[in-house]
Amino acid sequence: MERNTESGDVECEYYDVEQVHAVARYLLRTVATACIEKTYGDLFRSPVSALDEAKKELIDFLHTRPPSPPSDLNATHSPSDRAKALLDQFVHSKTKLLSRVSSKLVSADKKEDKIEELEQDLQHNEKWIFGQRERIAKDFIKALDSTRSSICALKFSSHEELAEHKSICPFKPITCENQGCGHVLSGLHGAEHDAVCGYKLLPCEQACDALIMRSQMDKHCITTCPMKLVQCPFFHVGCGHTLPQGMVEEHCSASMGSHLNSVLHSMQKQDVVVSSLTQRILLLEKALSISQRSEAVDLGNLSLTVRQQDAKIKSLESEAGKLRQELKQANMSSEVQKLRRELQTLQKKFES
Ligand SMILES: [Zn+2]
Ligand SMILES: [Zn+2]
Ligand SMILES: [Zn+2]
Ligand SMILES: [Zn+2]
């Protein structure tokens, strides 16, 4: 089909779903931010009370202002990026002086939290339904997207021609077929999404037979994958085999003989260790009892020695007494001899 944007009555309305949806989400963010800015520091107004006013001003802004993106954004940025930049300009124009002043006093984080909170409230309670935002976002992108990179807008002269085109239009919305995903996108981005979709089933990276979701692959490979390498459960007794965990059972029944041998061998080794330990314990016990006994003997010896010494001292004392006595007696007899000698001398003198 020839591309023709100049003539024809009927136009293909397909667009890049992801781009438009991104802007539709950002519209809610923009309005939430505007509501917070409008009521910040005003004790008498809740942020949500400013919603209708903020929505009207935003729509007016999009209609009256020729959408020229800020100068730092160019055609290389996606239409949704340029749309977001323009929405930021709108927010900036709504920032109240009061808010600018008070935002210096109150932390920016706190304000961000409030915007986040309001955005969730608006979304959860459908205070600005998605369908409306989607339409606005689409028109907005259409106005920005001069190269038609995100909007089809091909024109056809009949509804039949249009219908024929729509079946092959690159912007035709498709739903990701990977089970559990449900992501809606334009057909031209299908392959791109499929290459990163977390729900995509892929053959196991470790080549087991299973098909595993991309987002679960790492977990599968390190936990339940039968090809995960493990040590043989008999490695403690010396089997050095490393094998896929799915083959452990097979290995164990095939190696039952050698595993039993290893177990016996290791039990024998343990017996040797146990008996040598028992020996050591016996020796230690013996050594302990000997040392206790020898201490007792030492004490006994000591008291014996003391008693003997006492006895010896006593006998020595009595002996000393006897000796002293004898000595006295000996002294007396020497005196008698002396006297005898003197007597003999006197007798001699007398005779002569
Ligand atoms: Zn089309
Ligand atoms: Zn998907
Ligand atoms: Zn696997
Ligand atoms: Zn083994």
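Refer to the preceding data block for the structure.
First, a word on what this report is: a plain description of the structure on this page. All chains use their own residue numbering, which begins from 1 and follows the written sequence. Key to labels: chains lettered from A, ligands numbered from 1, both in the order written. Thresholds applied to this predicted model are a pLDDT of at least 70 for local features of residues and 80 or more for the giving and counting of side-chain atom pairs; totals over whole chains, interfaces and linings are not thresholded and use all residues. Hydrogens and water are ignored here; the side-chain numbers use all heavy atoms of the structure.

Quick look at the overall build of the protein chain
Tallying secondary structure elements over the protein chain gives 11 helices and 8 strands in all. Exposed residues in this analysis have more than 50% of their type's maximum accessible area, buried residues have under 20%, and partly exposed residues fall in between, with area computed by a 1.4 Å probe over protein chains only. The proportion of buried residues among the 352 residues of the protein chain is 28%. Pairs at least 24 residues apart make up 52% of the contacts formed inside the protein chain by residues separated by at least 6 positions. Here the Shrake-Rupley method, with its probe set to 1.4 Å, supplies the accessible areas, and only the displayed protein chains count as covering residues. Here the protein chain has roughly 24,400 Å² of accessible surface; of this, 56% comes from carbon and sulfur atoms. Note on conventions: DSSP H or I runs of at least 4 residues are helices, E runs of at least 2 residues are strands, and numbering of each starts at the N terminus. What makes two residues a contact is simply this: any of their non-hydrogen atoms within 4.5 Å.

Some points on the coordination of the zinc ion (ligand 2)
Listed donors are limited to N, O and S atoms within 2.8 Å of the metal, widened to 3.2 Å for Na, K and Ca; water is not among them, so incomplete-looking sites are possible. Summarising the metal site, the zinc ion (ligand 2) is bound by the protein donors Cys 176 (SG), Cys 181 (SG), His 193 (NE2) and Cys 197 (SG), whose distances to it range over 2.1 to 2.3 Å. Any coordination sphere not matching a tetrahedral pattern (four donors, all angles between 85 and 135 degrees) or a square planar or octahedral pattern (four or six donors, opposite donors over 155 degrees apart, other angles between 65 and 115) is reported as irregular. With 4 donor atoms in place around the zinc ion (ligand 2) and angles of 105 to 115 degrees between them, the coordination shape is tetrahedral.

Quick notes on the coordination of the zinc ion (ligand 1)
In ideal tetrahedral geometry, four donors around a metal make angles of 109.5 degrees, whereas ideal octahedral geometry with six donors gives angles of 90 or 180 degrees. For the zinc ion (ligand 1), the protein coordination sphere consists of Cys 12 (SG), Cys 152 (SG), His 165 (NE2) and Cys 169 (SG), at 2.0 to 2.3 Å. Angles of 105 to 118 degrees at the metal separate the 4 donor atoms of the zinc ion (ligand 1), which places the site in the tetrahedral class.

Notes on unusual backbone geometry
Unlike most non-glycine residues, Arg 148 shows phi in positive territory, near 55 degrees. Along the chain, Arg 148 falls in the loop between helix 6 (130-144) and strand 2 (155-156). Given the relative accessible area of 26%, Arg 148 is considered partly exposed. One non-glycine residue, Ala 207, lies in positive phi territory at about 65 degrees. Of note, Ala 207 is situated in the loop between strand 5 (201-203) and strand 6 (211-213).

Brief notes about the packing of aromatic side chains
Aromatic rings from Phe, Tyr and Trp, taking only the six-membered ring of Trp, are treated as a pair when their centres fall within 6.5 Å; an angle between ring planes under 30 degrees marks them as stacked, one over 60 as edge-to-face, and anything in between as tilted. Enumeration according to the criterion identifies 1 aromatic pair in this entry. Residues Phe 61 and Phe 90 carry aromatic rings whose centres are separated by 5.2 Å and whose planes lie at 50 degrees to one another, so their mutual orientation is tilted. Of this pair, Phe 61 sits in helix 2 (residues 51-64) while Phe 90 sits in helix 3 (residues 79-94), placing them 29 residues apart in sequence. A residue is classified by how much of its surface remains accessible, and Phe 61, at 13% relative accessible area, is buried. The lysine or arginine in question, Lys 166, covers the ring of Tyr 14, its NZ or CZ lying 4.9 Å from the ring centre. Two limits define a charge over a ring: the Lys NZ or Arg CZ must be within 6 Å of the ring centre, and within 35 degrees of the ring normal.

Focus: the nonpolar core
Core analysis: the biggest nonpolar cluster contains 35 residues, and Leu 27, Leu 58, Leu 62 and Phe 140 have the highest contact counts within it. Looking at this core, the elements that each hand over two or more residues are helix 1 (17-39), helix 2, helix 3, helix 5 (108-124) and helix 6. The element that contributes the greatest number of residues to this core is helix 1, accounting for 11 residues. Once you skip the residues sitting within four places of it in the chain, Leu 58 turns out to touch Leu 27, Thr 30, Val 31, Leu 87, Phe 90 and Trp 128. Residues Cys 12, Phe 156, Leu 162 and Phe 171 belong to the second largest nonpolar core, which totals 8 residues. Residue types Ala, Val, Leu, Ile, Met, Phe, Trp, Tyr and Cys, when buried and joined through side-chain atoms within 4.5 Å, form a set referred to as a nonpolar core.

Concerning the packing of helix 3 against helix 6
At their nearest, the axes of helix 3 and helix 6 sit 9 Å apart, and the two run at 105 degrees to each other. Relative to helix 6, helix 3 is oriented roughly perpendicular. For the pair formed by helix 3 and helix 6, the contact residues are Pro 79, Ser 80, Arg 82, Ala 83, Leu 86 and Leu 87 on the first element and Phe 140, Ile 141 and Leu 144 on the second. Class assignment for the residues of the contact of helix 3 with helix 6 results in 7 nonpolar, 1 polar and 1 charged. Structural elements are reduced to axes, namely lines fitted to C-alpha atoms, with helices fitted over the stretch in contact, and the angle between N-to-C directions of any two is expressed from 0 to 180 degrees. Roughly parallel means an angle under 35 degrees; roughly antiparallel, over 145; roughly perpendicular, 65 to 115; everything else is oblique. All residues other than Ala, Val, Leu, Ile, Met, Phe, Trp, Tyr, Cys, Pro, Asp, Glu, Lys and Arg, Gly among them, are scored as polar; the first ten of these are nonpolar and the last four charged.

Comments concerning the packing of helix 1 against helix 6
At a minimum axis distance of 8 Å, the contact between helix 1 and helix 6 shows a crossing angle of 115 degrees. Crossing of helix 1 against helix 6: the hand is right-handed. For the pair helix 1 and helix 6, the contacting residues are Gln 19, Val 20, His 21, Val 23, Ala 24, Arg 25, Leu 27 and Leu 28 in the first and Phe 130, Arg 133, Glu 134, Ile 136, Ala 137, Lys 138, Phe 140 and Ile 141 in the second. Grouping the amino acids of the contact of helix 1 with helix 6 by side-chain chemistry returns 10 nonpolar, 2 polar and 4 charged. By the definition used in this description, the sense in which the near helix is turned from the far one sets the handedness, with an anticlockwise turn below a right angle giving left-handed and a clockwise turn giving right-handed.

Overview of the pattern of salt bridges
Side-chain pairs of opposite charge can arise where the charged atoms are in close proximity. Salt-bridge detection follows one rule: a side-chain nitrogen of Lys or Arg within 4 Å of a carboxyl oxygen of Asp or Glu. Under the definition given, this model contains 11 salt bridges. As a salt-bridge pair, Asp 60 and Lys 56 come within 3.2 Å of each other at their nearest N and O atoms. With a gap of 4 residues between them, Asp 60 and Lys 56 both fall in helix 2, about one helical turn apart. According to the relative accessible area criterion, Asp 60 is partly exposed, its value standing at 34%. Note that Lys 200 and Asp 194 form a salt bridge whose closest N and O atoms lie 2.8 Å from each other. With relative accessibility at 23%, the residue Lys 200 sits in the partly exposed group. Taking the relative accessible area as the measure of exposure, Asp 194 reaches 25% and is therefore partly exposed. Taken together, the shared-partner salt bridges in this structure form one network comprising Arg 29, Glu 112, Glu 116 and Glu 119.

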